[in-house]
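So you can see what is in the structure, the chains are spelled out below.
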Amino acid sequence: MTVDHLKQHRPKRGPEDGKAGLRPPATARIFRTLMRLVAAALVLLVMIVPVATAQTVPGLSDVSLAHGLNDFARTYSVTVADVDGQNGQDIFVVNHDPQTCCPQPILYYSNADGSFTASPFVWPTKDRHGCAFHDFNADGLTDLGCAIGYSSNSNVELDKNLGSGPSKTVSQQRGTTSNSVGRYRTLSWLDANHDGRIDFYVSHYAGPGGNPPTPADDLPNQLWLQQSDKTFVVDTSMGITKKDSAFKDADSCNFSADINADGYDDLVYCSPEGLKVWVNNGGVSFTDETVARGLVNSNTPGAPVMAQDAEFGDLNGDGFNDFVIVNATTMTVFTQNPASGTFSKSYTHAVVSGLNLAVGDVDGDGFKDIYTVGSCSSAANTRRSDTRDFLFKGVDGLKYSPTIEPALANGCGDDVRAVDVAGHTDFVVVNGRRHIPGPTQLLEWTP
């Protein structure tokens, strides 16, 4: 056969033949089609998998802006209470800037859908620090008390609720402008003498660092007893009007609790000298039982455990209340021994610049979770990096799974509270400590 004859019988090139000039067998075409489909599927998988992973990793998410919390300021503290008797707990953010004395606090009222609306009320100009809600005049409405600390002649602020939130300052009428001097820092409500009238306890900051104190401000913390005419007077007979300086820039613990379940209000207080547990002796006096109840410093025998902040509650569901404490380096849980009423260390974990804490079941699994706020990495009043907060997720009684929360790009951790938002628990965190403005965060569990 000649070459010309071969050329005449060469198959024509089809559109799929490419450079080979020959049409491949059907099996080859099927194989190539399958490979194209596999490649397309791999590309689609690469695009989808990262999104699916991000959506399924459980953890805390900041939903503050979506829920109406848009504060970005220097702060001192945050507290929560159902102020207006509607839709659950409201949030009170104490903004703090002594250089300009003094920014407005913000009271966020909760709405039925879980969002918040800022109250338009204009507050008196005062250098507020720690504040606490309570019905101090027994009229069924939630009132407010604040520790004022701008100068050595500051007093305690009492704001009466007129039906739509604290809106009338009654400090002078209630007597808290007399015998009220010093740089106050924290305030708590308790019925100290068990007479059915609510009293309050305020702490003083005594100077740079707080310990040793500055002589001009070397003043005792004060117990104020409410009288039958609804005024308050300083009491020195019950043993807790003592010199024990508060921390300068921290809303550290100061709260009432029934430590020994005898029906009387005891007092828990944090200071640079350590935790103080004052047990009420039948409404007559108080005794410091911190060390006797096992809340001791493991590095200094006979000394109380160091505490920047503390909470008291049933952490393991056994019906007995426990302590959780945070200081600059550690978070520690002390479990109550029911037979003796003492406390034993049951869990401890390192933290970074620990400052404040809150307890709540944020993920709704029936176990208490603990959130600790880490302050800035330096004491200088200049912009610096925020340190990490920790979430200690309860997993089984007194076992915890610690997670490091992301540090803020702007701000400095300051205070935290657990808040009931539309039937579930969130953590509200303020981040404007030490002259550094920062956001108010509402941290919600994302399954």
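In what follows, the structure referred to is the one given above.
Residues numbered from 1 in each chain as written. Predicted model: local features only at pLDDT ≥ 70, side-chain atom pairs only at ≥ 80, totals over all residues. Heavy atoms only, no water.

Draft legend 1. Molecular detail of empty space enclosed by the protein. Per the stated rule, a full pass over the model turns up 1 cavity of 30 Å³ or more. Looking at the largest cavity, its volume works out to about 30 Å³. Residue lining of the largest cavity: Y201, N221, I240, K242, D244, Y269 and W278, and that is the complete set. When grouped by side-chain class, the residues that make up the lining of the largest cavity number 4 nonpolar, 1 polar and 2 charged. (1 Å grid on protein atoms, 1.4 Å probe; cavity = no way out; pocket = protein on both sides within 12 Å on 5 of 7 lines; lining within 4 Å. Points joined across faces, edges and corners; volume = space filled by probe spheres on them. Nonpolar A, V, L, I, M, F, W, Y, C, P; charged D, E, K, R; others polar.)

Draft legend 2. Examining the sheet that holds strand β15 (residues 254–257) more closely. Strand order in the open sheet made by the 4 strands is β15-β16-β17-β18, with antiparallel pairing throughout. At either end of the open sheet lies a strand with only one pairing partner, and these are β15 and β18 (286–288). For this sheet the average axis-to-axis angle between neighbouring strands, irrespective of direction, equals 25 degrees. One ladder, built from 3 bridges, connects strand β17 (residues 274–280) with β18; its direction is antiparallel. Note that in β18 the partner of V279 across the bridge is T287. (Pairing = 2+ DSSP bridges. Helix = DSSP H or I, 4+ residues; strand = E, 2+ residues; numbered from the N terminus. Axes fitted to C-alpha atoms, helices over the stretch in contact; angles between N-to-C directions.)

Draft legend 3. Just the pairing of strand β16 (residues 266–271), in detail. Taking burial as the measure, the 6 residues of β16 include 6 buried ones, the bulk of the element. Across the two faces of β16 the burial is the same, with D266, V268 and C270 and L267, Y269 and S271 all buried. Pairing of β15 with β16, which is carried by 4 bridges, proceeds in the antiparallel orientation. Residue N254 lies in a different strand from β16, and its bridge partner there is Y269. (Buried < 20%, exposed > 50% of the residue type's maximum accessible area, 1.4 Å probe, protein only.)

Draft legend 4. Spotlight on the side chain of E157. For E157, the location among the structural elements is in strand β9 (residues 156–161). By relative accessible area, which is 1% here, E157 ends up buried. Polar contacts involving the side chain of E157 include one to the side chain of R128, which spans 2.9 Å. With near-sequence residues (within four places) excluded, E157 lies in contact with P124, K126, R128, L144, G145, C146, I148, T169 and S171. (Polar contact = N/O pair within 3.5 Å; in protein donor to acceptor, adjacent residues only side chain to side chain. Contact = heavy atoms within 4.5 Å.)

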